[in-house]
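A closer look at the structure
Take a look at the letters that make up each chain.
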Amino acid sequence: MTIYIAPNTGKPSAGEVALRAAQILLAHGACVLMQDALRPSCNVAAVRYLPLGQCLETADVVLSIGGDGTILHEASLSLKYQKPILGVNLGRCGFLATCEVEEMETKLSALARGEFDLDSRILLYVRVLGDDGWEDHALNDVVVTKGRLQQAIDFSIYCDNILVEHFRGDGVIVATPTGSTAYSLAAGGPILDSQTKGIVVTPICPHSLATPAMVFAQERRLGVCVGQVADDEVFISCDGGAGYPLRAGATAQIRLSDQIVKLVTFSRADQFQAIDKKLRSRR
C-alpha cells in the first residue's frame, strides 16, 4: 500500500502529526510519499519525496492532515487521479475526516494493511453561462452570495429550465449530501444521508417567511439566476474557493458531475457518528 501524506502546513501541529503518521505507516509495511518541498521540515529516512503530480499518480491513498477544508483542497487537486482520501482531523469539526489524532495508531495500521472501505461521494459541476464559460466542481457546495453587506439581491432558482423559486436575500447554497452538514446546515438546510441521491438548495437569509430549503433529485439540472446588481457585487464559489464575479442577469448552471470522490471509511456509520459527536456536543 502506497500512501501520500499531505499535511496542511498552515496548521501548527500538522508537521508533527505528519511525522507520526509516516512512522506508523512505515512500521506496518506501507510505502510513504510526501512532496519534495516538505523534506526540510518533515524529514523521515524511509519516506520518498516527490513532486506533487508524481505523489498523486503513484499513491494508492491520499492521507490529508488538517480539517475538512484540507480534504476539500486535496480532493480538488487529486480529482483527475481518482485516489481515495482519508482525513486526519486537526480542525474544529471535521465531518469528512474520519480519523482523529488519537485514533491514528489503530486506523493507520488498518489503512496500511488495506483493511478499509470506500465511500463514494457525488460532486457538483457548475458552469456560468457566457463567453468565458467559467466552470468548476464542488464536493461540498456551490455558493452564490453578495459581496457587500448593505443590500439584498434577487435570485431565481430553476429546475430543468422551470422557475421553481424567486426570492430576495443574501445568496443561495447548492449543496451535495456531503455538504449538507456544512454551510447549508448553518443556513437552515436539512442534513442528508451521504448516500442520498439528492441536491439541497438553501437560501441565505431570505427576506421571506416562505422560502424553505428544497431537495432535488440528483438527475435534475439547476439554474441560479442573479437579478439586477452592480459589478463585483455578487460572487460564485465552489467549496469555499476564490469567488468569481457574476454580472446582472448571469445564470449558473449546476448539475451532477461525471466524477466522484472516494473517501476512506472504517464504518458505515462514520457520518452519523460524526454528527452525534461533533454537532450534538455544540449544544
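Note on numbering: residues in each chain are counted from 1, in written sequence order. Totals for whole chains, interfaces and linings use all residues, but because this is a predicted model, local features are given only for residues with pLDDT of at least 70 and pairs of side-chain atoms are given and counted only at 80 or more. Where side-chain values are given, they derive from all heavy atoms of the structure, hydrogens and water being excluded.

What follows deals with unusual backbone geometry. For Gln82, which is not glycine, the phi torsion reads 55° and is therefore positive. Strands are runs of DSSP state E lasting at least 2 residues, helices are runs of H or I lasting at least 4, and numbering of each runs from the N terminus. Note on placement: Gln82 falls in the loop between helix H3 (68–77) and strand E5 (85–89). Each residue gets one of three labels from its accessible area relative to the maximum for its type: buried under 20%, exposed over 50%, partly exposed in between, using a 1.4 Å probe on protein chains only. Given a relative accessible area of 34%, Gln82 falls into the partly exposed group. Not every positive phi belongs to a glycine, and Cys205 is a case in point at roughly 45°. With respect to the element layout, Cys205 can be found in the loop between strand E13 (198–204) and strand E14 (214–217). Take Cys205: its relative accessible area is 48%, and that puts it in the partly exposed class.

Checked against the element boundaries, Glu233 lands in the loop between strand E15 (222–226) and strand E16 (234–238). When checking whether two residues touch, look at their non-hydrogen atoms; a contact exists if any pair is within 4.5 Å. When residues no more than four places from it in sequence are discounted, the contact partners of Glu233 are Thr145, Lys146, Gly147, Arg148, Gln151 and Ile153.

Here we take up the environment of Cys31. You can see Cys31 is positioned in strand E2 (residues 31–35). A C-alpha to C-alpha distance of 42 Å links Cys31 and Val128, two positions 97 residues apart in sequence. Cys31 has contacts with Met1, Thr2, Ile3 and Arg48, leaving out every residue within four places of it along the chain.

Below, the discussion takes up the state of the cysteines. When two cysteine sulfur atoms lie within 2.5 Å, the pair is treated as a disulfide. Overall, the coordinates contain zero disulfides when judged by the stated rule. In this model Cys238 remains outside any disulfide bridge; the closest cysteine sulfur is found in Cys225, 18 Å from its own.

When DSSP finds two or more bridges between a pair of strands, those strands are recorded as paired. Taken in spatial order, the six strands line up as E14-E13-E12-E9-E16-E17 in an open sheet, and their pairing is antiparallel. The strands lining the two open edges of the sheet, one partner per strand, are E14 and strand E17 (244–246). Recorded for the sheet is a direction-independent mean angle of 20° between the axes of neighbouring strands. Of the pairings in the sheet, the one linking strand E9 (residues 141–146) to strand E12 (residues 171–175) comprises five bridges and is antiparallel in character. From the neighbouring strand, Val142 faces E12, where its bridge partner is Val174. To get an axis, a line is fitted to the C-alpha atoms, and for a helix only the part in contact is used. The angle between two axes follows their N-to-C directions and goes from 0 to 180 degrees.

The subject of this paragraph is helix H1 (residues 14–27). Along its 14 residues, H1 runs 20 Å from first to last C-alpha, staying within 8% of the 20 Å computed at 1.5 Å per residue. Along H1, the residues classified as buried are Ala14, Val17, Ala18, Ala21, Ala22, Ile24 and Leu25. The arc enclosing the buried residues of H1, seen along the axis, measures out at 165°, which places them on a common side. Among the exposed residues of H1, those oriented more than 90 degrees off its buried face are Glu16 and Ala27. Working rule for helices: expected span equals 1.5 Å times residues minus one. The directions from the helix axis to the C-beta atoms are what the arc is built from.

What follows covers the UniProt feature "binding site: NAD(+)" (unreviewed entry) in the protein chain. Listed under "binding site: NAD(+)" (unreviewed entry) in the UniProt record, and renumbered for this structure, are Asp68, Gly69, His73, Asn140, Asp141, Arg168 and Asp170. On the basis of their most widely separated C-alpha atoms, the annotated residues across 103 residues do not gather in one place, lying as much as 31.4 Å apart. Examined against the element boundaries, Asn140 turns out to sit in the loop between strand E8 (135–138) and E9. The residues touching Asn140, leaving out its near neighbours within four places in the chain, are Leu72, Leu96, Val174, Ala175, Thr176, Thr178, Gly179, Ala182 and Asp239. UniProt positions are given in the numbering used here, feature names are shortened, and annotations may be inferred rather than shown by experiment.

The next point concerns the nonpolar core. Grouping buried Ala, Val, Leu, Ile, Met, Phe, Trp, Tyr and Cys residues that are joined through side-chain atoms within 4.5 Å yields what is termed a nonpolar core. Counting 30 residues, the largest nonpolar core has Val142, Val144, Val174, Ile236 and Leu246 as the members making the most contacts within it. The element contributing the most residues to this core is strand E10 (residues 153–159), with four residues. Ignoring any residue separated from it by four or fewer positions in sequence, one finds Val174 in contact with Leu124, Asn140, Asp141, Val142, Ile199, Val200, Val201, Leu222, Val224 and Ile254. Of all hydrophobic cores here, the second largest spans 28 residues; its members include Ala22, Ile24, Ala30 and Met104.

When the centres of two rings from Phe, Tyr and Trp lie within 6.5 Å, Trp using its six-membered ring, the rings pair. Their planes under 30 degrees apart give stacked, over 60 give edge-to-face, and anything left gives tilted. If you walk through the whole model with that rule in mind, you get two aromatic pairs. Note on Trp134 and Tyr244: the rings are 5.2 Å apart at their centroids and 15° apart in plane angle, and the pair reads as stacked. Taken as a pair, Trp134 in the loop between strand E7 (117–128) and E8 and Tyr244 in strand E17 lie far apart in primary sequence, 110 residues in all. Here Trp134 matches Tyr244 in class, with each residue buried.

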